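# Structure at a glance
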Amino acid sequence: MTTNMFKLFNAFSKDIGIDLGTANTLVYVRGRGIMINEPSVVAINQKTGQVLAVGTEAKKMIGRTPDHIVATRPLQGGVVSDFEITQQMLKYFIDKVYKEAGFKFMARPRVIVGVPIDVTEVERRAVEDATRNAGAREVFLIEEPMAAAVGARLPIYEASGSVIIDIGGGTSEVAVISLGGIVISKSLRIAGDRLNQDIIRYTRDNFNMLLGERTAEEIKISVGSAVELSERLDVVMRGRDLVSGLPREIVVYDHHIREALARSLRLLAAAVRDTLEQTPPELVADIMQRGITLSGGGSMIRELASLIHQETKMPVRVDDDPLTTVIRGIGIILENLDNLQEFLTTPGRQDPPRI
Ligand SMILES: Nc1ncnc2c1ncn2[C@@H]1O[C@H](COP(=O)(O)OP(=O)(O)OP(=O)(O)O)[C@@H](O)[C@H]1O
Ligand SMILES: [Mg+2]
């Protein structure tokens, strides 16, 4: 790939990076740091088409709105599912950054956006076009696992393998990285959202109770685990009784939720093992030593690292502050464009060849 794509970047340009996630969107401003960290949710008045709230405010409205107001998540499975709303959400965040940073009269920004691996050309275009329509002058894309590896400060340039697993809301991505490139990767749609659905289904089947998506997420965060814990956890679960139709609350324990999540987490761990099985033996030997790093909010399920260790026999650790690993990686790339721009792709450009 040609270099100097960014030679016009200079100390005065206010360029930004965006981790446009299924669950959360984070914005990094060059020279400033992370300025936005909010849920990827937009509340719309369907009668007028007007955007009522974006981000944290809009998430509070999920499941609580009157009929004509919908709180929607415009990304699904890591890709844009509602183009218009994604664009409006990005515009809101970019405008907010400009206002808060006092960039009123600055030129429009150049923007680096993270995209999952294995997205189609059409899906990449949707991200580029939505970002450009939201006010970007130029758009560059980066594969999220690469950004996560940079954010977790893995030794990506060395001729020895590193493994990053980014478990978000919509997708989990497993990537083996060596010599600055992705050697092998796997992307699957088992991530935080699926786990919430697992809890909703389990509660319906076992307790005859209907839970909202937000409640399911809260339960997952407060007592969710991947292997048996040393102490018992419990939480009060509130939902609607499917027989009486009335509100009801019950206490659930960590073992219930572990059972609810078991199948998805086993599939996730199996996907990691499959990826390692396809990895060249020399790299596997390196990985035995260096271990596997987890990032993304989904990696915060208690003892997920232990489950993946059991399945792979490799050392596994969770990155510090896994919800920001990808955006910190994008931030490091933005601050060091002279050395790191090789990871970026521009519209219409072919990806660098894979080893
Ligand atoms: N403490 C926690 N325990 C378990 N899960 C958590 C915790 N905190 C956040 N999550 C989950 O992490 C997910 C969000 O993670 P993240 O922000 O990395 O996703 P994303 O980047 O928006 O999604 P994607 O990368 O798939 O597009 C949500 O499903 C959320 O429920
Ligand atoms: Mg993500």
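Residues numbered from 1 in each chain as written. Chains lettered and ligands numbered in written order. Predicted model: local features only at pLDDT ≥ 70, side-chain atom pairs only at ≥ 80, totals over all residues. Heavy atoms only, no water.

This part covers the site of ligand 1. In the neighbourhood of ligand 1, 20 residues make up the surrounding shell, with T22, A23, N24, E217 and K220 lying closest. T171 is positioned such that a nitrogen or oxygen atom in its backbone is 2.9 Å from an oxygen atom of ligand 1. Here an oxygen atom of ligand 1 and a backbone polar atom of G297 are 2.9 Å apart. Here ligand 1 has 650 Å² of accessible area as a free molecule, and 92% of this is covered by the chains. (Near = heavy atom within 4 Å. Polar contact = N/O pair within 3.5 Å; in protein donor to acceptor, adjacent residues only side chain to side chain. Areas by Shrake-Rupley, 256 points an atom, 1.4 Å probe, with all protein chains shown as cover.)

Let's shift gears to the sheet that holds strand β16 (residues 247–253). The strands making up a sheet are joined through hydrogen bonds of the backbone, oriented either antiparallel or parallel. Pairing is antiparallel across the open sheet formed by three strands, whose spatial order is β14-β15-β16. If you trace the sheet from one side to the other, it starts and ends with β14 (209–210) and β16, each paired once. Sheet topology places strand β15 (residues 234–241) next to β16; seven bridges connect them, and they run antiparallel. Looking across to β16, one finds that R238 is bridged to E249. (Pairing = 2+ DSSP bridges. Helix = DSSP H or I, 4+ residues; strand = E, 2+ residues; numbered from the N terminus.)

Looking at where R30 falls in the secondary structure, it is placed in the loop between β2 (24–29) and β3 (33–39). Here R30 occupies a buried position and makes no salt bridge, while the nearest side chain of opposite charge, D15, is found at 4.2 Å. At a separation of 3.1 Å, a polar atom in the side chain of R30 contacts the main-chain carbonyl oxygen of L334. (Buried < 20%, exposed > 50% of the residue type's maximum accessible area, 1.4 Å probe, protein only. Lys, Arg positive; Asp, Glu negative; His and termini not counted. Salt bridge = Lys/Arg side-chain N within 4 Å of Asp/Glu carboxyl O.)

Moving on: the domain arrangement of the protein chain. When cut into domains, the protein chain gives domain 1 (16–147 + 325–345) and domain 2 (155–318). Domain 1 and domain 2 are separated by 24 Å when their C-alpha centres are compared. In this assembly, domain 1 packs against domain 2 so that about 1,700 Å² is buried in total across both faces, 55% of it on carbon and sulfur atoms. The largest contributions to the domain 1 side of the interface with domain 2 come from I117, P145 and M146, which together make up 30% of the buried area. (Domains from an automatic or database assignment. Buried area = accessible area lost by both parts, 1.4 Å probe.)

The next thing to look at is unusual backbone geometry. Located in the positive-phi region is N208, a residue other than glycine, with phi close to 55 degrees. Mapped onto the fold, N208 is located in the loop between α5 (192–207) and β14. In this structure, E303 takes a positive phi of about 65 degrees despite not being glycine. Structurally, the position occupied by E303 is in the loop between β17 (292–295) and α9 (304–312). Residue E303 is classed as partly exposed on the basis of its relative accessible area, which comes to 38%.

Let us look at the sheet that holds strand β4 (residues 42–45). Within the open sheet, the three strands sit side by side as β5-β4-β6. Their pairing is antiparallel. Looking at which strands have only one partner, the edges of the open sheet turn out to be β5 (50–54) and β6 (69–72). Averaged over all neighbouring strand pairs, the angle between strand axes comes to 25 degrees, with direction disregarded. The pairing of β4 with β5 spans four bridges and is classified as antiparallel. In the sheet register, A43 faces β5, and the bridge partner there is A53. (Axes fitted to C-alpha atoms, helices over the stretch in contact; angles between N-to-C directions.)

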